[in-house]
Amino acid sequence: MNLPILLLLLGLMVVAAVAAVMIRSLLKSAIALAALSIVLAITLFFLGAPLAALFELSVCAGLITVIFISAISLTGNKPKEEEEEKIRERRARFLKLPIFLLIIGVFVSLAWIANGINISGISDPAAPTFQTFKNLFWNMRQVDILGQVIVILAGAFAVVVLFKERDQA
Amino acid sequence: MNGLGFNTFIYLVIIPALAGIVILFLPKKERLIKSLLVFAATLFNLITAIRLFGLEETWHTKWGGLSNFGIDFALRTDRLSMFILLAVGAMAFLVAFYSFAFLRDKDYGKGFYFYYLITIAFVNGAVLANNLVLMLFFWEGLLVTLFGMLLLKGRHKYPTAVKALTLVGVSDLALMLGVGVTGFAAGTLMMDKITAIPVEGIAVLGFVMMMLGAIGKAGSMPFHSWIPDAADDAPLPFMAILPGALEKLLGIYLLVRICLPGTGLYEFLPHTPVSTVVMAIGALTIIFAVAMALIQKDFKRLLSYHAISQVGYMVLGIGTALPIGIVGGLFHMVNNAIYKSCLFLSAGAVERQTGTTDLKKISGLGAFMPVTMICFLVAALSISGFPPFNGFFSKELVFDAAMESGIIFYIAALLGAFMTAASFLKLGHAAFFGKPQLPEDKKVKEAPAAMLVPMIILAAACILFGVWNSLPLGQLIQPVLGDAMAGHNYAGWPHTPLLVIISIIVLILAIANHFFGVKRTGKGLGAVDHIHYAPGLHFIYNRAEERWFDPYEILMVISKFFAWIAYGIDRAIDWIYNGFFVWVANSVSKGLKEFNTGKQSQYVIWAVSGLLIVIFVFAVLVK
Amino acid sequence: MDNLLLIITGSWIALPLLVILICNLLDKKTGKSWALPAAIVVSIGQMITTGLGLLQLGLTKSGFINFTIFWNVNDFEEIARSAWASAFFSVDTLSLVVMFAIGMVSLISVLTAKKMNPDKALNFTNLLMVLIMGMNGLAMVADLFSLYVFLEITGVASFILIALYKDKKGLEGSFKYLIMSAMASAMILAGIAIMNAVTGGVTFSHISGLFASGSSLHTFHAISLVLLVAGIAIKAGLAPFHGWLPDAYESAPASVSVLLGGIVTKMAGVYAILRLAQDVFINAKGFNYSLLLLATVSIVYGAVAALKQKDFKRILAYSSISQIGYIVLGAVCGSPLGFIGAMLHFFNHATFKSTLFVNSAALESQVKTRNIEEMGGLAKQMPLTGTSSVLALLSTAGIPPLAGFWSKLLIIIAVWQTGHSLIAGIAVFASVFTLAYFLMIQRKVFYGPAEEKFAGVREVKGGLAVSQVMLSVITVVMGIIFPLVLLFFQTRGMI
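Residues numbered from 1 in each chain as written. Chains lettered and ligands numbered in written order. Predicted model: local features only at pLDDT ≥ 70, side-chain atom pairs only at ≥ 80, totals over all residues. Heavy atoms only, no water.

Regarding the overall build of chain C
Line of reasoning, step 1. Regarding its fold elements, chain C presents 19 helices and 2 strands.
Line of reasoning, step 2. For chain C, with 495 residues in total, the buried portion stands at 67%.
Line of reasoning, step 3. Here the contacts in chain C between residues at least 6 apart in sequence split such that 81% fall between residues at least 24 apart.
Line of reasoning, step 4. When the accessible surface of chain C is summed, it comes to about 16,000 Å², and 68% of that surface belongs to carbon and sulfur atoms. (Helix = DSSP H or I, 4+ residues; strand = E, 2+ residues; numbered from the N terminus. Buried < 20%, exposed > 50% of the residue type's maximum accessible area, 1.4 Å probe, protein only. Contact = heavy atoms within 4.5 Å. Areas by Shrake-Rupley, 256 points an atom, 1.4 Å probe, with all protein chains shown as cover.)

Structure representation (structure tokens):
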């Protein structure tokens, strides 16, 4: 696995994470978090932990997002002005955070590379090997796939019930 | 025996019972049909009893699973039961005849006839039964009819009915236990197979319990105290037939069954402790009941105490276990049934014609009701033991036996005789002689013929059985004892002149006492006041009138005490369940409810505490 | 036969999916008007197919049926043996019994929901279908992680259902449920993760093989078990993890509280415990003991806390906590008899608790209150509701010959036999207590002095009446034929 792709993925993760914290709409924030999870899952897969990747995908990209959406939809909306005031405050507080994270990340990466640690070699030799991602995903965990489908349906209905109708009302 | 077998036996039970049930379904207004039905049933009963006389047979069938326990449907007649059946039949017929007139304008007639016929059926059944359990069945059935009859006059008679039910029930319970023990000791429940079980070990219990059952039914102490109350509360024919006649017949029947020398259920010998116990019960019953009778100021109540005291003579006589005593007891039983019924019937006639039996309100009735008075006098002289009436002869036999068994019993019996005579002198004087005094209107007439006829028949029987005492003794009573008579014949004039002289002296003393009392107070009713209000006795009498000596009241006090303790325990338990637990549960629940505030953070705290519990469980188990 | 089996097994997921597709893809009006009838068809279909499935199990004498849902995999056997595979569903008697209950309670719920306006009806049906799929999946999985996934589906669908009307109370109850559920999810997920890390697999067969009987627990096993037990206990509503349960039940719409009280929380928590206790942690002692303790606490707590409640639904919620305790007690006491008792009590509980929630709905619709203090003498006006609630309450309290008596009896016998006599005693005592407060409700609500203001109250008609009759009949018949049911399990060799 080549380093540039890994770094790219890590960068994407940082961007997604920052977006999740900074975005003013809670719903979009949740979706950003889901994006973060997807990137993380891909990273895990490339690093040789397909099962972990799969679970990450199921749990974080699927379930947690739906739960977040439900939770957000259940909470009442604050008045617009108050909300904006809050967000402004938060933005001021966390403005330095991405830069801080980025610097730390770069330093850590450089330190690893400088010490000659082979990132691809970290993977556990005892971990099971699967012929293909396809086999793992579509055959061995097909029940979870079904679960994902239903979870997405549930999320969709949650949005329908809790957002759409509220807008109508 | 030419068609007289089982069929005839069983009809004695079935026909009266059936007639009774038919009456229950007849409309209330059909008075004539009911009367005819009762008349026919009792007449049938009497005729069958007469036809059965002389028949000695046993009949028995086995049925299903019950036979395994020895409970067969077994009947038999022998000399004793024939004799009792005959007496029952005669008394039942006469009282039924009487009650047609007495009950004419009473609205509880239907219920009375129903219970009456069922009672006769049960009495016949109990006398006929050869199996102890079968007998017990009929015996207990009588308890139900007794209770029903006592309630005839309405719900407000409940206390008396319950009292009777309790006392008779206790004695029945004793009988039940006795039957069980007897069956256990003998190995069978068939009475004709049980003879002379030695009274030792467990059999003592069986004997005592059966004996208590028998005398309890007869109305002896300590099961007597419901009878005076019933005299106030029950219809008069009831008094005449049940405490007056049938119960005595049945109770003494069983007592004789138990005690009969040679063929009785238990080996009952003279001069043994059990014999002394039975005699003591008899003697005490005589003394206390007659002493209470002496001071009564009500016709019926006075008679009812005599109904108790006379049982004492029978129990005393049979308790001696001597042939003469048993013959005397049985003879006294028959005589008592006759004159006591006659007395109750005359009381009924008085009650019906004057509307009261309170002796303070009536006197000098003899002028208006001469026939009633004569019948009463005959019966009263009989019960007091004046020769040549029947009571004199049977009493003399009992005196003879008591003298032989112990002078103390003789003295007790003699004292009883004195007070009996005194009380009847007072009663007769107060009710029928002296200045005529009536409750309200002066138009008192003689009782109707339907009431007089039975009274006259009974009074005639008093004289007949006295003058011609070899008829009942020779034909009915002495055959019962059979070989135990050892060639004796007690018929005719009493065999011991000394005792006769003493008895006559006692009677003269009673008359003297009466005149002393009348002179002292100036009226018949006050004839025994000097005894009633004598120093010492007065106190005891007052207590007795306040029912201090009533075993039922004592029982009630004791049971109230136990009930109070049990109530306390029950309350305590109830409090623990209903009060304490509910209080705890409510307060805990209330606490929980207040705890459950709906705050999310609190729920989380609980969940964390739960987590700690789980961790604790695992921590303990992993180590 | 194989084709039939394929149809039967497939229908458990395919039928609800099909309904969702049809109702949402058709034009709006048709979709809305078809929604509830379609849901009824699905529920009845599920009852029929699970019945056929039980028949099939009985015929083949095999303990379970394995099947894949999308497509057959070629090396099925090899994958089945893998410690990570979750390629197929597996149904056994327990699954079928609970799935029958799912069908039954769903049917009742739809019947109760009959009066909903069409917009709501469509949303309700959609969510109900998701819920049914979630619960069916839950009943069929053979893998810890998949179990978690379906738990979450069930959870999400029920959050939204509770808040269906978006009134303040519903949103609040839903939110409380969501928060507690999220805690539970986190614990369960962490437990599964640790389990996976230390045992190297997540399938039931793999994990159960590692818990040999009598062996002492590894520390990480213990940590994993603690997290799983706590998480599932929250889902099940065992005291003291129950805080959300009364609020959620109380705040849900009538038809949803039938679902919640009758089946959803039981599936999410109690079924998981039954399944894990039977198939996975049968030899893991800490698992059994801790749940035994929690179950006993629940039985007592539920019984006592119900006493002071005024709201009919809250009383039922606390009674549920108590009944859940009984089921868990039977499940973890470690004897096959107790397990059968727990399974049947699960079913019986679904029956009588649904009845009671339907009663509550009937009362609410006719009397316009759920406060039992305000009611009185309603049996005259509402004979059907009165009678069915008496039957259900007596069944709950365990009065013979109703169904609840038998299953409770089995559980208590089993608990006694396995040596937990103290707990059995407490269970009996609590049962008497249950009877006491239920009789109190009876007297108050149905047989007390008639209140004048309720003179105009009439008996319910339609769906509510039908459900009351149906459930009462099931309660009584189940009680009467119970020996036959036991015989069935005996011939299956389960006792």
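Concerning the side chain of Lys-300 of chain B
Residues and elements named next belong to chain B.
Line of reasoning, step 1. By the secondary structure assignment, Lys-300 is in helix H11 (residues 299–319).
Line of reasoning, step 2. Lys-300 gets classed as buried once you look at its relative accessible area, which sits at 4%.
Line of reasoning, step 3. In this structure, Lys-300 is in contact with Ala-231, Asp-232, Leu-236, Phe-344, Ala-347, Glu-351 and Thr-357, ignoring residues within four places of it in sequence.

A look at the interface of chain C and chain B
Line of reasoning, step 1. Chain C puts 39 residues into the contact, and the matching count from chain B is 25 residues.
Line of reasoning, step 2. Ranking the residues of chain C by area buried against chain B places Val-226, Pro-240 and Lys-308 of chain C at the top, with a combined share of 21%.
Line of reasoning, step 3. Our enumeration of links across chain C and chain B arrives at 0 salt bridges.
Line of reasoning, step 4. Inspection of the chain C/chain B interface yields 1 residue pair in polar contact (both at pLDDT 80 or more).
Line of reasoning, step 5. Of all the secondary-structure elements, those providing two or more residues to the side of chain C that touches chain B are helix H7 (168–199), helix H9 (219–236), helix H10 (244–251), helix H12 (285–306), helix H13 (312–332) and helix H17 (421–447) of chain C.
Line of reasoning, step 6. With 11 residues, H12 of chain C is the largest single contributor of residues to the side of chain C that touches chain B.
Line of reasoning, step 7. Considering only residue class, the side of chain C that touches chain B consists of 27 nonpolar, 5 polar and 7 charged. (Buried area = accessible area lost by both parts, 1.4 Å probe. Salt bridge = Lys/Arg side-chain N within 4 Å of Asp/Glu carboxyl O. Polar contact = N/O pair within 3.5 Å; in protein donor to acceptor, adjacent residues only side chain to side chain. Nonpolar A, V, L, I, M, F, W, Y, C, P; charged D, E, K, R; others polar.)

Observations regarding H12 of chain C
Line of reasoning, step 1. For H12 of chain C, with 22 residues, the first-to-last C-alpha span of 31 Å sits near the 32 Å given by 1.5 Å per residue.
Line of reasoning, step 2. Where burial is concerned, most of H12 of chain C is hidden: 17 out of the 22 residues are buried. (Expected span 1.5 Å × (residues − 1).)

Brief notes about the nonpolar core
Line of reasoning, step 1. Counting 217 residues, the largest nonpolar core has Phe-89, Ile-263, Met-267 and Phe-281 of chain C as its most contacted members.
Line of reasoning, step 2. Sorting elements by how many residues they give to this core places helix H14 (residues 336–367) of chain C first, with 17 residues.
Line of reasoning, step 3. Those residues in contact with Phe-281 of chain C that lie beyond four places of it in its chain are Met-195, Ile-207, Phe-211, Leu-225, Leu-228, Leu-276, Phe-287 and Asn-288 of chain C.
Line of reasoning, step 4. Among the nonpolar cores identified, the runner-up in size contains 214 residues, and Ala-234, Phe-238, Ala-337 and Met-373 of chain B belong to it. (Core = buried A, V, L, I, M, F, W, Y, C linked by side-chain atoms within 4.5 Å.)

A short note on the environment of Val-469 of chain C
Line of reasoning, step 1. Considering the arrangement of structural elements, one finds Val-469 of chain C in helix H18 (residues 463–480).
Line of reasoning, step 2. Since its relative accessible area comes to 38%, Val-469 of chain C is described here as partly exposed.

Regarding the interface of chain C and chain A
Line of reasoning, step 1. Facing 45 residues of chain C, the contacting portion of chain A comprises 35 residues.
Line of reasoning, step 2. Between chain C and chain A lies a buried interface of about 3,600 Å² when both sides are counted; carbon and sulfur atoms form 76% of it.
Line of reasoning, step 3. Seen at the junction of chain C and chain A, the total is 0 salt bridges.
Line of reasoning, step 4. At the surface where chain C touches chain A, the tally comes to 1 residue pair in polar contact (both at pLDDT 80 or more).

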